[in-house]
Amino acid sequence: MNKNKEIVLRFVNYKQLENEELSFKNSYLYILNGKNGAGKTGVKCAIETLQTAHSTIDDPITHGKDSLAVEGINFPGVDGRLYICQWNFDGIKNKFVVIDDEGKKISSPEKIRDIFKFKNITVENFLAQSLNAKGREEQKKLFMSFLTDEEQKKHTYLKAKE
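Here's what I pulled together on the structure shown here. (Residues numbered from 1 in each chain as written. Predicted model: local features only at pLDDT ≥ 70, side-chain atom pairs only at ≥ 80, totals over all residues. Heavy atoms only, no water.)

1. Here we look at the overall build of the chain
Thinking step 1. Of regular secondary structure, the chain possesses five helices and six strands.
Thinking step 2. The linear arrangement of helices and strands in the chain, starting from the amino end, is β-β-α-β-β-β-β-α-α-α-α.
Thinking step 3. Across the 162 residues that make up the chain, the buried fraction comes to 33%.
Thinking step 4. A separation threshold of at least 6 residues defines the contact pool for the chain, and within that pool the share at least 24 residues apart is 48%.
Thinking step 5. For the chain, the accessible surface area stands at approximately 11,100 Å², while carbon and sulfur atoms represent 50% of it. (Helix = DSSP H or I, 4+ residues; strand = E, 2+ residues; numbered from the N terminus. Buried < 20%, exposed > 50% of the residue type's maximum accessible area, 1.4 Å probe, protein only. Contact = heavy atoms within 4.5 Å. Areas by Shrake-Rupley, 256 points an atom, 1.4 Å probe, with all protein chains shown as cover.)

2. Brief notes about unusual backbone geometry
Thinking step 1. For Lys15, which is not glycine, the phi torsion reads 45° and is therefore positive.
Thinking step 2. Secondary-structure assignment places Lys15 in the loop between β1 (7-14) and β2 (17-24).
Thinking step 3. Relative accessible area serves as the criterion here: at 28%, Lys15 is assigned to the partly exposed category.
Thinking step 4. In this model, Asn74 sits at a positive phi of 70°, which is unusual for a non-glycine residue.

See below:
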């Protein structure tokens, strides 16, 4: 499977992103920039919701609309496969579906979380997993550049303990 495929997010009646499409190409690190209320946090929350099959967002539907739909295309799973993730909300009930590269639909929240490994994960676990992955040295350098000297030492110490 081509891991360099463009990741696409489509939003219909989702918060400020009424009918928008965002594309992310060939990178592991993105920075969203915009004015307050532009939808930066909404994008982050939508990605998290797609990958955890659980929404913690209050009032996600665009004001004056009855329902929302968010779709993520080419979301990489921990197994290296690419998935289509869909979230629909009618104002009462959330519906989550993930479609694998063979067209199989998965709607169990537990199975969806298994695909993306969002199970009781801590920030420390996430950083340990993402920073140790192959091909992420540039991400690691950038991350380390944001840390204070003391935080860098702690990270290095914890890494050595592994």
